[in-house]
Amino acid sequence: VKASGQGPPVELVSRLMEKGLSQLRWTVGLLLFALIGFARPGALFEQRRRPGGSGRAVVVAVAALLWRVFAGAPLGLLTFSYMHLASVYGDDWDSRSTCLIHEVPFGRFGAIALLHVCRHFSRAAHWALLAWSATGLGLACSTGKPLSWTIAFWAGVGHQAALEGHRWIDPGYWQRHLRWNCLRL
């Protein structure tokens, strides 16, 4: 029995810190994919009139450029969360329909991130992202809580992503997974 006034065991604190940092890394990584998905990096290369010589004009020009690049980025926060919701419901409805998603590295999170990046290069990927997001939005609206879903998703995504994605970091897993798929053929 511990005497009062003593803190938790050092091992527990260390493990909690390690787990918290792992979840933070996964969350930040997914946030970056979500924000990049709707950013417009091509706006950096659009021809614009050069600002005049004043310092204020340069600041305004830089602010306008950053706005053109990142104005749509927050939309990725919504689409990412709604796509995840749709994939969770898809697993419940018919696991065969979502089996391909789970074959993508990092599972459903990898598939969602891949579509967010590929939408810049492919109209089909763009429309697939929108359709998948609309399905998730419809599911969220059917519960009457579309915005609270997004908040809850981003609050806990690090934990779920760590559970689903940790094995993809291990090269041994890749080898076993590839061998298993080859034997399945």
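To be clear, the structure that these remarks concern was listed above.
Here's what I pulled together on the structure shown here. Nothing here was measured: the structure is a model prediction, and the numbers come from that model. (Residues numbered from 1 in each chain as written. Predicted model: local features only at pLDDT ≥ 70, side-chain atom pairs only at ≥ 80, totals over all residues. Heavy atoms only, no water.)

Attention now moves to the packing of helix H3 (residues 73-93) against helix H5 (residues 123-142). Following both chains from N to C, one finds H3 and H5 inclined at 75°, their axes separated by 7 Å at the closest point. It follows from the interaxial angle that H3 and H5 lie roughly perpendicular. Across from Thr79, Tyr82, Met83, Leu85, Ala86, Ser87, Tyr89 and Trp93 in H3, the residues of H5 making contact are Leu129, Trp132, Ser133, Thr135, Gly136, Leu137, Leu139 and Ala140. A class-by-class count of the residues in the contact of H3 with H5 yields 11 nonpolar, 5 polar and no charged. (Axes fitted to C-alpha atoms, helices over the stretch in contact; angles between N-to-C directions. Helix = DSSP H or I, 4+ residues; strand = E, 2+ residues; numbered from the N terminus. Parallel < 35°, antiparallel > 145°, perpendicular 65-115°, else oblique. Contact = heavy atoms within 4.5 Å. Nonpolar A, V, L, I, M, F, W, Y, C, P; charged D, E, K, R; others polar.)

What follows deals with H5. Helix length check: H5 (20 residues) gives 28 Å between terminal C-alpha atoms against 28 Å at 1.5 Å per residue, within 8%. Those residues of H5 that fall on the buried side of the exposure criterion are Ala125, Leu129, Trp132, Ser133, Gly136, Leu139 and Ala140. Here the buried residues of H5 occupy an arc of 115° about the axis, which is enough to place them on one side. Residues of H5 that are exposed and point over 90 degrees away from its buried face: Arg123, Ala124, Trp127 and Ser142. For H5, the elements touching its buried residues are helix H1 (10-38), H3, helix H4 (107-118) and helix H6 (146-165). The backbone nitrogen of Ala124 lies 3.3 Å from a side-chain oxygen of the residue at the head of H5, namely Ser122. (Expected span 1.5 Å × (residues − 1). Buried < 20%, exposed > 50% of the residue type's maximum accessible area, 1.4 Å probe, protein only. Arc of directions from axis to C-beta. Polar contact = N/O pair within 3.5 Å; in protein donor to acceptor, adjacent residues only side chain to side chain.)

What follows concerns H4. Here H4 spans 16 Å end to end across 12 residues, near enough to the 16 Å set by a 1.5 Å rise per residue. Among the 12 residues in H4, 9 count as buried, and that is most of the element. When we look at burial in H4, the residues that qualify are Gly107, Arg108, Phe109, Gly110, Ala111, Ile112, Ala113, Leu115 and His116.

Here the focus is the pattern of salt bridges. Opposite charge on two side chains makes pairing possible when the charged atoms of those side chains draw close. For the structure shown, the criterion picks out 2 salt bridges. Of the charged contacts, one joins Arg108 and Glu164 as a salt bridge, the two residues approaching to 3.2 Å between their closest N and O atoms. Here Arg108, found in helix H4, pairs with Glu164, found in helix H6; they are 56 residues apart in sequence, far enough to count as distant. No difference in accessibility class separates Arg108 from Glu164, as the two residues are buried. The partner of Asp170 in a salt bridge is Arg176, with the nearest N and O atoms 3.7 Å apart. Look at Asp170 and you get partly exposed, because its relative accessible area is 36%. (Salt bridge = Lys/Arg side-chain N within 4 Å of Asp/Glu carboxyl O.)

For the rest of this paragraph, the subject is the nonpolar core. Note that soluble globular proteins tend to have their nonpolar side chains buried in a common cluster. With 25 residues, the main nonpolar core has Leu30, Phe80, Phe109, Trp132 and Trp154 as its most contacted residues. Listing elements by their share of this core, those giving two or more residues are H1, H3, H4, H5 and H6. Aside from chain neighbours lying at most four places away, what touches Leu30 is Phe80, Phe109, Trp154, Val157 and Ala161. (Core = buried A, V, L, I, M, F, W, Y, C linked by side-chain atoms within 4.5 Å.)

Bringing a nonpolar patch on the surface into the picture now. A contiguous nonpolar patch, built from Leu21, Leu24, Val28, Leu32 and Ile36 and spanning about 440 Å² of accessible area, is present on the exposed surface. By the element assignment, Val28 lies in helix H1. (Patch = residues over 30% accessible without salt bridge, like charges linked within 9 Å, V, L, I, M, F, W, Y side chains within 5 Å. Areas by Shrake-Rupley, 256 points an atom, 1.4 Å probe, with all protein chains shown as cover.)

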